[in-house]
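# Examining the three-dimensional arrangement
The residues making up each chain are set out below.
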Amino acid sequence: MIRRFLAAAVIVGVAAALLVIAWPNLFGLAEAPVVAQLVSVRALGATVAIMVAFTLGLLALLWAGARRFLAAIALLAVVFAALNVAVLSTRGFGDESFPTRAPAELAVLSWNTLGDAPGADRIADLVIAEHADIVVLPETSQETAVAIAELTRVQGRPMWVYSIAFDYIAKARSTSVLISVDLGEYAVDDSVGNTSVVPSMVLRPVDGTGPTIIGVHPVAPIPGELSNWRSDLRWIDAVCRGEQVILAGDLNATADHFRVVDPEAGVAGLGFGDCLNAGLLTGNGAVGTWPTRLPPLVGAPIDHVFVTPDITVTGMRVITTEDGSGSDHRPIVARLILE
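The paragraphs below set out a description of the structure included in this document. (Residues numbered from 1 in each chain as written. Predicted model: local features only at pLDDT ≥ 70, side-chain atom pairs only at ≥ 80, totals over all residues. Heavy atoms only, no water.)

## Things to note about the nonpolar core
Core analysis: the biggest nonpolar cluster contains 25 residues, and I179, L203, V305 and L336 have the highest contact counts within it. Here the element with the most residues in this core is strand 13 (residues 311–318); it accounts for 4 residues. In contact with V305, other than residues within four places in its own chain, are V108, L247, A248, L276, N277, A278, I332 and A334. Core analysis: the next-biggest nonpolar cluster, separate from the first, contains 23 residues, I214, V245, L247 and F272 among them. (Core = buried A, V, L, I, M, F, W, Y, C linked by side-chain atoms within 4.5 Å. Buried < 20%, exposed > 50% of the residue type's maximum accessible area, 1.4 Å probe, protein only. Helix = DSSP H or I, 4+ residues; strand = E, 2+ residues; numbered from the N terminus. Contact = heavy atoms within 4.5 Å.)

Spelled out as structure tokens, the structure:
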């Protein structure tokens, strides 16, 4: 009797834990310790759950005394995997089809370079290949950003360089943004504050004409930084508002951490503030950008482009050709039309 009670308690406990991980917004726990990290890797979690279910199924065949218990846990693992796949399918497993580029279309490229790891030449080549008008480069030093701009200028794509660093000891504590001179000159808005541990940047057009451009890099939700991470996401929610806003970068967050629009239903929103996520809008929201050592459909989609509703997203994709470049993040590119 006691053994049955304990087995039932374990099954209920496992079921509750898996439900929280699969649907954290139902309980308001998407930013809770452990859950915040696990929900970011839904596809990996689903893969592990299937492997666990298979292993437990084999054990159930060999261990008659624990067959029901093992079968119940295996079933829970299968249901957990199915729930995660269902959620990811609504976000999109990838649609890289871009229409022929329209004259008014802009290209936004974002790449966390892991402290300049790919080098200026490789980054500049990607900027040219993607015809990027706006380039957001978390963990990229001013020195490398200037070198990139010099290389793109030689190839007929001159760009303004904006860079911010919290210190000059670690390149990871820098963020750089390059903007095509065709968009005009920009200035950093220091009045809106910043993220807490690694820097972000709000750029506004000097003449008042053109979109606000925001390059962001919230700290990762690692133990000891969860409070700063939550604060960084709230900051993003506050600044991504208004008209014609483009925000891009490494957010260290997935759609589960976006603004919740219906707390009772536990449904996560499409973005932050007034901004919508380009990946979700184009069917690319489940394609992983980190780490590059995992396949794109297994990794965490934490690099993003967001726009306000007055900007049309015509396409977006995660670039997989740079996986051997030295960075642990994949670049992403989105095409936009300002209305």
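## So, the sheet that holds strand 14 (residues 332–338)
Strand order in the open sheet made by the 6 strands is 3-4-2-1-14-13, with mixed pairing throughout. Strands with a single pairing partner mark the edges of an open sheet, and in this sheet they are strand 3 (159–165) and strand 13. Taking the axes of each pair of neighbouring strands and ignoring which way they run, one obtains an average angle of 15° across the sheet. Pairing analysis gives 6 bridges linking strand 1 (residues 105–110) to strand 14, with the strands arranged antiparallel. Across the sheet, residue S110 finds its bridge partner in strand 14, namely I332. Against the sheet, helix 6 (residues 142–154) touches strand 2 (134–138), strand 3 and strand 4 (174–180), its axis set at about 170° to strand 3. (Pairing = 2+ DSSP bridges. Axes fitted to C-alpha atoms, helices over the stretch in contact; angles between N-to-C directions.)

## Let's talk about the pattern of salt bridges
Applying the stated rule across the entire model yields 12 salt bridges. The residue R42 makes a salt bridge to D256 at a minimum N-O spacing of 2.8 Å. Here D256 lies in the loop between strand 8 (245–250) and strand 9 (260–262) and R42 lies in helix 3 (residues 42–62), a separation of 214 residues in the sequence. Residue class for R42 comes out buried when judged on its relative accessible area of 5%. The shortest N-O distance in the salt bridge between D189 and R204 comes to 2.6 Å. With D189 in the loop between strand 5 (186–188) and strand 6 (201–205) and R204 in strand 6, this pair connects stretches of sequence that are 15 residues apart. We classify R204 as partly exposed; its relative accessible area is 33%. In this structure, a network of salt bridges that share partners links the residues R42, R91 and D256. (Salt bridge = Lys/Arg side-chain N within 4 Å of Asp/Glu carboxyl O.)

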